[in-house]
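# Understanding the architecture of this molecule
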Amino acid sequence: MNINEGDYKFIQHKYYLSLDRQYTVEEKELIWKKPLSHKVSEEEMRICNEVKRNWNCGEMKIANILLEGDAGSGKTQLAKALSADFNLPYTKVTCFADMDKTDIIGAILPVISTEQLEKINDEDKAALKALYDSDGFHSATEILVDVLGISWEQAALKMKELMKIADESSKDGIVEYRFYPSEIVRAYRNGYLLEIQEPTVIRDAAVLMALNSALELDGSINLPTEIIHRHPDCIVIITTNRNYLGCRPLNESLRDRIQHTEKMDLPDKEVMIERAIAKTGYRNDQLLEILADIIITLDKTARANAIKGVAGMRSFFYWVDAIAHGGSITESLYHKVIYKITTDSEEIKILEESLKKHRVLEELEEFESEIKKKARM
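Residues numbered from 1 in each chain as written. Predicted model: local features only at pLDDT ≥ 70, side-chain atom pairs only at ≥ 80, totals over all residues. Heavy atoms only, no water.

We now examine the overall build of the protein. In terms of regular secondary structure, the protein is built from 18 helices and 9 strands. Along the first, second and third principal axes, the C-alpha atoms of the protein reach 80 × 50 × 40 Å. Roughly 19,000 Å² of accessible area belongs to the protein as shown, and the carbon and sulfur atoms make up 49% of that amount. Both charge centroids of the protein, one from 50 positive and one from 64 negative side chains, sit 2 Å from each other. (Helix = DSSP H or I, 4+ residues; strand = E, 2+ residues; numbered from the N terminus. Areas by Shrake-Rupley, 256 points an atom, 1.4 Å probe, with all protein chains shown as cover. Lys, Arg positive; Asp, Glu negative; His and termini not counted. Charge placed at Lys NZ, Arg CZ, Asp CG, Glu CD.)

Okay, structure coming up:
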């Protein structure tokens, strides 16, 4: 099911959770704006209806949601869409294996003197200055991502380095300390929609326990400076890839705190084509149908043969986009789709045989051959 552009405003106002909330200018900018390419899915409507229906039902309230599916199945897109539907500022945390409790609650950082600051290398100096000049609205990780142009994981590791540098540089004098909250704390305190990406990779049991506690509807987080309680408007969306052979499953305690789960698969072929047209502007329906059939076939084949890669919507969009800009249809199949699934020769052979068995590769080659004939005429 899809809702057209004209219904977006109706949908958003219908599912706003707190009509009397007032946001700052910066908070308003965090509320996601749906692009024209966004198509409202059954999953989105189901979550909106369930959350709105139970929002004032005490212990039956739905505020922790799990989106589990393959890479490229639209989990983050859906999380952002819910920010627009519920009229809540959106923020995220990307989990990584070596997360510790400071990544959950935030960090205390010494403020070192200007003289000591000048002795530090340029990158660390720029990072510390940005932190010291911050107004407290953004988390330390977000500031470092923006200033240094690094990933969330790299920013978390950099923050730990800066803490050591600042601590060593401030040993001889009177030191002012500042607390920099995490993105989780910011969402928790202020009532945002928080996406927690891939908590399955976290290794430290203490970090998972802290997350478990934070997900309680009436939960609290102990900060070095205060105890904060979960804002009644805070919604947590956990997004995680579907488990493959050998992958760690979602922590049972974490899963137990979820009130609603969506299994994210490839959408119907018609929806795939609609989204591709909206995303790329390419409108050859006959070819798009063949391409969608190939993506679906590759997705099923990869699952059946325990091939870890994924043929998802992202691959479909980039393949269509390459063709729209003059790329070879069959050649770009490999660079945009198959090689994203696997570069193992034996696995590629399995995928190719499946495409031949379902005759979709033959259809694709015939279509490209017809195009070349017309071009020569």
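Let's pick the thread back up.
This model, assessed by the stated rule, comprises 2 aromatic pairs. Where Tyr334 meets Tyr339, the ring centres are 5.7 Å apart and the plane angle is 55°; that geometry is what we call tilted. Since its relative accessible area comes to 39%, Tyr339 is described here as partly exposed. The lysine or arginine in question, Lys61, covers the ring of Trp55, its NZ or CZ lying 4.0 Å from the ring centre. (Phe/Tyr/Trp six-rings, centres within 6.5 Å; stacked < 30°, edge-to-face > 60°. Buried < 20%, exposed > 50% of the residue type's maximum accessible area, 1.4 Å probe, protein only. Lys NZ or Arg CZ within 6 Å of the ring centre and 35° of its normal.)

This part takes up the nonpolar core. With 35 residues, the main nonpolar core has Leu291, Ile294, Leu298, Phe316, Trp319, Leu333 and Leu364 as its most contacted residues. Of the residues forming this core, the biggest block, 9 residues, is contributed by helix 14 (residues 285–304). Every residue in contact with Leu298, bar those within four places of it in the chain, is listed here: Ala311, Leu333, Val337, Ile338, Ile341, Leu351 and Leu355. One finds Phe96, Ile202, Leu215 and Leu223 within the second-largest nonpolar core, a separate group that totals 33 residues. (Core = buried A, V, L, I, M, F, W, Y, C linked by side-chain atoms within 4.5 Å. Contact = heavy atoms within 4.5 Å.)

Let's shift gears to the packing of helix 16 (residues 329–341) against helix 17 (residues 345–357). Where helix 16 contacts helix 17, the two axes come as close as 10 Å, and the packing angle between them is 120°. One finds that helix 16 runs oblique with respect to helix 17. Both helix 16 and helix 17 take part in a crossing whose hand is right-handed. Across the interface between the two elements, Leu333, Tyr334, Ile338, Tyr339 and Ile341 of helix 16 pack against Ile348, Leu351, Glu352 and Leu355 of helix 17. Of the residues contributing to the contact of helix 16 with helix 17, the split by class is 8 nonpolar, no polar and 1 charged. (Axes fitted to C-alpha atoms, helices over the stretch in contact; angles between N-to-C directions. Parallel < 35°, antiparallel > 145°, perpendicular 65-115°, else oblique. Left-handed = near helix turned anticlockwise from the far one by under 90°. Nonpolar A, V, L, I, M, F, W, Y, C, P; charged D, E, K, R; others polar.)

This part covers the pattern of salt bridges. For the structure on display, the rule yields 24 salt bridges. Asp265 is the partner of Lys263 in a salt bridge, and the nearest nitrogen-oxygen pair spans 2.6 Å. Residue classification places Lys263 among the exposed residues on the basis of a relative accessible area of 55%. In this structure, Arg359 engages Glu362 in a salt bridge whose closest nitrogen and oxygen atoms are separated by 3.0 Å. (Salt bridge = Lys/Arg side-chain N within 4 Å of Asp/Glu carboxyl O.)

This part takes up the pairing of strand 5 (residues 193–197). In terms of residue burial, strand 5 counts as a mostly covered element, since 5 of its 5 residues are buried. Along strand 5, one buried face is formed by Leu193, Glu195 and Gln197 and the opposite face, lined by Leu194 and Ile196, is buried too. Inspection of the sheet shows strand 2 (residues 90–94) paired to strand 5 by 5 bridges, in the parallel sense. Counted as the bridge partner of Thr91 is Leu194 from strand 5. Note: strand 5 against strand 8 (residues 235–241), 5 bridges, orientation parallel. Paired with Glu195 across the strands is Ile237, a residue of strand 8. (Pairing = 2+ DSSP bridges.)

Attention now moves to the sheet that holds strand 1 (residues 64–69). Spatially, 2-5-8-1-9 is the arrangement adopted by the 5 strands of the open sheet, whose pairing is parallel. Each edge of the sheet is formed by a strand with only one pairing partner; in this case those strands are strand 2 and strand 9 (260–264). Adjacent strand axes in the sheet meet at a mean angle of 20° when their direction is disregarded. Its contacts with the sheet put helix 4 (residues 75–86) on strand 1, strand 2, strand 5, strand 8 and strand 9, and the angle it makes with strand 5 is roughly 170°.

On to helix 3 (residues 42–54), then. Owing to its 3.6 residues per turn, the α-helix brings residues three or four apart onto one side. End to end, helix 3 covers 18 Å across 13 residues, agreeing with the expected 18 Å (1.5 Å per residue, within 8%). Among the residues of helix 3, those classed as buried are Glu44, Met45, Ile47, Cys48, Val51 and Asn54. (Expected span 1.5 Å × (residues − 1).)

Right, let's get into a negative patch on the surface. Negative charge collects at one region of the surface, where Glu42, Asp268, Glu270 and Glu274 lie side by side. Relative to the helices and strands, Glu270 resides in helix 13 (residues 269–280). Judged by relative accessible area, which is 53%, Glu270 ranks as exposed. (Patch = residues over 30% accessible without salt bridge, like charges linked within 9 Å, V, L, I, M, F, W, Y side chains within 5 Å.)

Mapped onto the elements of the fold, Arg46 is located in helix 3. Owing to a relative accessible area of 36%, Arg46 belongs among the partly exposed residues under this scheme. The spatial distance from the C-alpha of Arg46 to the C-alpha of Glu262 is 9.3 Å, given a sequence separation of 216 residues. In this structure, Arg46 is in contact with His260 and Glu262, ignoring residues within four places of it in sequence.

Right, let's talk about helix 17 for a bit. When the terminal C-alpha atoms of helix 17 are compared, their 18 Å separation across 13 residues agrees well with the 18 Å that a helix rising 1.5 Å per residue should span. What helix 17 keeps buried is the set Ile348, Leu351, Ser354 and Leu355. The buried residues of helix 17 all sit within an arc of 125° when viewed along its axis, so they share a single face. Exposed and oriented more than 90 degrees from the buried face of helix 17 are Ser345, Glu346, Lys356 and Lys357. Phi for Arg359, located one or two positions after helix 17, is positive at around 60°. (Arc of directions from axis to C-beta.)

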